Amino acid sequence: MYEHLSMYKIFHIALFVLMLNTSYSCHSKGAPIYSESIFYIDSIYSNNLSEYRKYNIYLPKGFDREKKYKIIYGADGEMFKDVPFIKATLDSLINNHIIKPTIYIGSYSNHKIADSTSTISMDGKKLYLLYRNFEYTDRDIQRIEDSLLVNRFQNHMLYFKDELIVKLENKFNQKIISPIDYFTGFRMELDLE
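Structural notes, computed from the coordinates. Along each chain, residue indices are assigned from 1 in the same order as the chain's sequence is written. Where totals are concerned, whole chains, interfaces and linings use all residues; where local detail is concerned, this predicted model gives features only for residues with pLDDT of at least 70, and gives and counts side-chain atom pairs only at 80 or more. The basis for the side-chain values is all heavy atoms of the structure; hydrogens and waters are excluded.

1. Re unusual backbone geometry
Although it is not a glycine, His 97 adopts a positive phi angle of roughly 60°. Numbering goes from the N terminus for both helices and strands, where a helix is a DSSP run of H or I of at least four residues and a strand is a run of E of at least two. Considering the arrangement of structural elements, one finds His 97 in the loop between α2 (85-95) and β4 (102-107). Each residue gets one of three labels from its accessible area relative to the maximum for its type: buried under 20%, exposed over 50%, partly exposed in between, using a 1.4 Å probe on protein chains only. Here His 97 falls in the partly exposed class, since its relative accessible area comes to 25%. In this structure, Asn 173 is a non-glycine residue whose phi angle is positive, near 55°. With respect to the element layout, Asn 173 can be found in the loop between α4 (152-171) and β7 (182-184). Taking relative accessible area as the criterion, Asn 173 reaches 27% and is therefore assigned partly exposed.

What follows is the structure, given as structure tokens:
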């Protein structure tokens, strides 16, 4: 049934469930009236990255803008773009009262080749790097050919902090409960204060 899932995906899904499980009680005081949960893809133009970025949204059944929800931000949203696995998983966890209703927002990475970049792999093959390699790792860019990559890491952090999170907090009338609720994917430290 899950043959199509890589170990990478399984690891992040397990981490995702573990994080939720540590924050919520397994008990509920009565059965809520369920409507359908919502899972869709949208996009935002990032001034910091000078490009559009897609993101996934999961809103739990009975989502109410007047209620406050925990939010999980994913840095690898494209992992779930064609697979309804995250929707089915969250629906199951919520419907079985394992977690409280939660919002999931998964931003896509930039998988385009950063034209001037290449490196040699351990087996001696030439490997071209993707923009995401510069967005999730703070690299010291020194070659003039790589000028488009200067500040890519910092701009990527600003995209999350000042654009995506702010837009979606406003859109869904939410406010981050702690400095950040949950963040999955590559290690990112966002100073939201």
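The rest of the description comes next.
2. Focus: the nonpolar core
In terms of nonpolar packing, the biggest core is built from 16 residues, with Tyr 55, Ile 57, Ile 103, Ile 105, Tyr 159, Leu 164 and Leu 168 touching the most fellow members. At the level of secondary structure, the elements contributing two or more residues to this core comprise β2 (51-59), β3 (70-74), β4 and α4. Of the residues forming this core, the biggest block, 5 residues, is contributed by α4. In this structure, Ile 72, Leu 93, Ile 94 and Ile 99 belong to the second largest nonpolar core, which totals 8 residues. We define the nonpolar core as a collection of buried residues of types Ala, Val, Leu, Ile, Met, Phe, Trp, Tyr and Cys that are connected through side-chain atoms lying within 4.5 Å of one another.

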